[in-house]
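Residue-level structure breakdown
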Amino acid sequence: MEQASACLHLNFAALAKFKTKQAEACSTDTGIFIALNMASELIIAIDGPVGSGKSTVARRVAELLGYTHLDSGAMYRAVGWKALIENIPLDSPGKLAALASRVRIDLVALDGKQRVILDGEDITDRIRTTEVSHAASVAAVVPGVRHPMVEEQRRAGEQGGVVMEGRDIGSVVFPHADLKIYLDASPEVRAGRRWQELREKGEGADPQTVLAGVHERDRRDRERKMSPLVRAADAVLVDNSAMDAEETARVIVLLAREKSKAAAG
Ligand code: DC
């Protein structure tokens, strides 16, 4: 089987527009493009459960700091989407792992937003359905799926200047991240946000069903054997049940500035 880690690609070439202090390195043998940042730029890990607002908050934090935003969940969603398209049984870890090692995923920053390109096809707008959420969360428990993803996430973020969000960023991907945030909100608030999102997409849903779905995904994320969702011991808990995304992002930016100052001595 082809080496899994060589098949996933994070393409940050388009980031030049909104990042000021960067050079680009291109490894031609793997085709992987990684943005290199100044050593003083931080690795910020934001973890938290579904509906905690990670994506909006992480994107805004990155924008405020001029950093790269990387949504690691999009990689698991891409694998889940492809599994559904190819009718790969979700109860076959081996087939899911084989799939993860053969697909090419490009995360491309375009106008400050991350696009997800799978085998050359832009699937950004197709991976946010309830069906794909389910497939992604099933795929994400498979070690053979997680390994290549984690490898690429590390490669993409190791130079700093990155806000990476997910479930295991502070605990597994970057245990030495400069700043770790564990973002949370009550299940009811999180389900309410998810319900609103679905409504805006024209997908009607029963609030109780959405809440049950949130509990189910929490359970799967927290109880899986490999890289479960946990608050790292040194992560700052930010409960944003009563805060909007902008307030939450600004709190995190303040914490990041403190860290930068401390690092500068
Ligand atoms: O954040 P999200 O809902 O887009 O993530 C999709 C799925 O991937 C979700 O079930 C959790 C999983 N995931 C993970 O296991 N590890 C990550 N670092 C990010 C997401």
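Thresholds, definitions, all that
Residues numbered from 1 in each chain as written. Predicted model: local features only at pLDDT ≥ 70, side-chain atom pairs only at ≥ 80, totals over all residues. Heavy atoms only, no water. Pairing = 2+ DSSP bridges. Helix = DSSP H or I, 4+ residues; strand = E, 2+ residues; numbered from the N terminus. Salt bridge = Lys/Arg side-chain N within 4 Å of Asp/Glu carboxyl O. Buried < 20%, exposed > 50% of the residue type's maximum accessible area, 1.4 Å probe, protein only. Near = heavy atom within 4 Å. Polar contact = N/O pair within 3.5 Å; in protein donor to acceptor, adjacent residues only side chain to side chain. Areas by Shrake-Rupley, 256 points an atom, 1.4 Å probe, with all protein chains shown as cover. Expected span 1.5 Å × (residues − 1).

1. Section: the pairing of strand S6 (residues 113-118)
Side chains on a regular strand alternate between the two faces of the sheet. In this sheet, S6 lies alongside strand S5 (residues 105-110) in antiparallel orientation, the contact comprising 6 bridges. Paired with leucine 107 across the strands is valine 116, a residue of S6. Here S5 folds back onto S6 in antiparallel fashion, the turn holding 2 residues, of which aspartate 111 has a positive phi close to 50°.

2. Let's talk about the pattern of salt bridges
Taken as a whole and assessed by the stated rule, the structure comprises 23 salt bridges. One salt bridge connects glutamate 246 with arginine 60, and the closest N-O pair in it is separated by 2.7 Å. With glutamate 246 in helix H9 (residues 245-264) and arginine 60 in helix H1 (residues 54-65), the pair connects residues that are 186 residues apart, well separated along the chain. Close ionic contact of arginine 219 with glutamate 216 constitutes a salt bridge, the shortest N to O distance being 2.9 Å. In this pair, arginine 219 and glutamate 216 are both assigned in helix H8 (residues 207-223), 3 residues apart and thus about one turn of the helix distant. When its relative accessible area of 39% is taken as the criterion, arginine 219 is described as partly exposed. Through salt bridges that share partners, Arg60, Glu63, Glu246 and Arg250 make up one connected network.

3. Describing the site of the ligand
In the vicinity of the ligand there are 17 residues, among which Arg77, Arg146, Arg167, Asp168 and Arg217 approach most closely. In the model, a nitrogen atom of the ligand is placed 3.0 Å from a nitrogen or oxygen of the serine 72 side chain. Burial of the ligand by the protein chains amounts to 97% of its free accessible area of 440 Å². Elements with a minimum of two residues in the shell around the ligand: helix H2 (73-85), helix H4 (130-139) and H8. Counting residues per element, the shell around the ligand draws most heavily on H2, at 3 residues.

4. Description of helix H5 (residues 143-157)
Compared with an ideal rise of 1.5 Å per residue, which puts 15 residues at 21 Å, H5 spans 21 Å between its outermost C-alpha atoms and is within 8% of the ideal. Those residues of H5 that fall on the buried side of the exposure criterion are Val145, Arg146, Pro148, Met149, Val150, Glu152, Gln153, Ala156 and Gly157.

5. Section: the pairing of strand S9 (residues 179-184)
Buried residues dominate S9, accounting for 6 of its 6 residues. Where strand S3 (residues 43-47) and S9 come together, 4 bridges link them in parallel fashion. Residue isoleucine 44 lies in a different strand from S9, and its bridge partner there is leucine 179. Alignment of S9 against strand S10 (residues 236-239), held across 4 bridges, turns out to be parallel.

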